[in-house]
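In case you want the letters, here they are:
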Amino acid sequence: IKNNSLIMGHMGYYDCINSDPAYPVKIISDPEYKTTDRFTGACMYYKYKPGPVTIINSIYDGSKLRWTAAEGNSLEGPPILEGDPHVHFSLKKPINLFFKEVLGIGVSQHWIVVNGHVADEVELLCNWNKIEYIKLS
């Protein structure tokens with residue numbers, strides 16, 4: 001909250017084209033399984049490249065989809081979240097207001113990160129597909 005930034009990450013296999021070229025992509029033992037299995041497997045570890053991003057959340061309420069989007073910037077700097085592909089970003093609004101809004105409307109824990117400020121284009125896609133849309137500005 002002090003730096004008005006947020007870190008989002010998740011284990012898995014993602015397109016490393018989105019990695020920050022200043023820091024190498026690493027293949028590491030999968031931290032999710034390091035205490036549960038003798039053979040932990042492997043996963044990618046990197047930080048998202050700096051620049052404009054849009055984060056998008058999708059939920060289904062039993063009758064329709066609702067997408068929530070917010071624009072911000074992926075920040076420069078070294079990786080922060082050890083072991084996960086992650087993005088460190090700031091939104092255009094204070095983080096505490098962002099959390100109040102998303103808790104008020106209801107979202108899931110999974111968000112996608114898209115290069116660029118594309119919330120208006122996402123709204124068009126939602127309109128074409130009859131998906132409810134909320135843009136957090």
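Residues numbered from 1 in each chain as written. Predicted model: local features only at pLDDT ≥ 70, side-chain atom pairs only at ≥ 80, totals over all residues. Heavy atoms only, no water.

Participant: Give me helix 1 (residues 95–105): which residues, what numbers.
Facilitator: Ile-95, Phe-98 and Val-102 are the residues of helix 1 that are buried. Around the axis of helix 1, the buried residues are gathered within 55° of arc, so they sit on the same side. Along helix 1, exposed side chains directed more than 90 degrees from the buried face belong to Lys-100, Leu-103 and Gly-104. One or two residues past the end of helix 1 sits Gly-106, with phi positive at roughly 90°. (Buried < 20%, exposed > 50% of the residue type's maximum accessible area, 1.4 Å probe, protein only. Helix = DSSP H or I, 4+ residues; strand = E, 2+ residues; numbered from the N terminus. Arc of directions from axis to C-beta.)

Participant: Residue-level account of the nonpolar core, with values.
Facilitator: Core analysis: the biggest nonpolar cluster contains 14 residues, and Met-8, Ile-55, Phe-89, Leu-91 and Phe-98 have the highest contact counts within it. Counting residues per element, the ones that place at least two in this core are strand 1 (6–9), strand 4 (51–60), strand 6 (86–91) and helix 1. With sequence-adjacent residues up to four places away left out, Ile-55 is seen in contact with Met-8, Thr-68, Ala-69, Ala-70, Phe-89, Leu-91, Phe-98, Trp-111, Ile-112 and Val-113. Core analysis: the next-biggest nonpolar cluster, separate from the first, contains eight residues, Ile-56, Ala-69, Ala-119 and Cys-126 among them. (Core = buried A, V, L, I, M, F, W, Y, C linked by side-chain atoms within 4.5 Å. Contact = heavy atoms within 4.5 Å.)

Participant: An account of a nonpolar patch on the surface is requested, with residue identities and associated values reported.
Facilitator: Taken together, the side chains of Leu-124, Leu-125 and Trp-128 present a nonpolar region at the surface, about 350 Å² in accessible area. Residue placement: Leu-124 occurs in helix 2 (residues 119–128). A relative accessible area of 44% places Leu-124 in the partly exposed class. (Patch = residues over 30% accessible without salt bridge, like charges linked within 9 Å, V, L, I, M, F, W, Y side chains within 5 Å. Areas by Shrake-Rupley, 256 points an atom, 1.4 Å probe, with all protein chains shown as cover. Salt bridge = Lys/Arg side-chain N within 4 Å of Asp/Glu carboxyl O.)

Participant: Lay out the pairing of strand 1 with the relevant residues and their values.
Facilitator: Residue alternation in strand 1 divides its side chains into a buried set, Leu-6 and Met-8, and an unburied set, Ile-7 and Gly-9. Here four bridges tie strand 1 to strand 6, and the two strands are oriented antiparallel to one another. Along strand 6, the bridge assignment pairs Ile-7 with His-88. (Pairing = 2+ DSSP bridges.)

Participant: An account of the pattern of salt bridges is needed here, citing residue identities and associated values.
Facilitator: If you walk through the whole model with that rule in mind, you get six salt bridges. One salt bridge connects Lys-47 with Asp-20, and the closest N-O pair in it is separated by 3.0 Å. Of this pair, Lys-47 sits in the loop between strand 3 (42–45) and strand 4 while Asp-20 sits in the loop between strand 1 and strand 2 (26–29), placing them 27 residues apart in sequence. Several salt bridges converge on common partners, so that one network encompasses Asp-61, Lys-64 and Glu-132.

Participant: I'd love a proper account of helix 2, names of residues and values included.
Facilitator: For helix 2, the full list of buried residues reads Ala-119, Val-122 and Cys-126. Along the long axis of helix 2, the arc covered by the buried residues comes to 55°, so they all point the same way. Looking at the buried side of helix 2, the elements it contacts are strand 4, strand 5 (65–74) and strand 8 (132–136).

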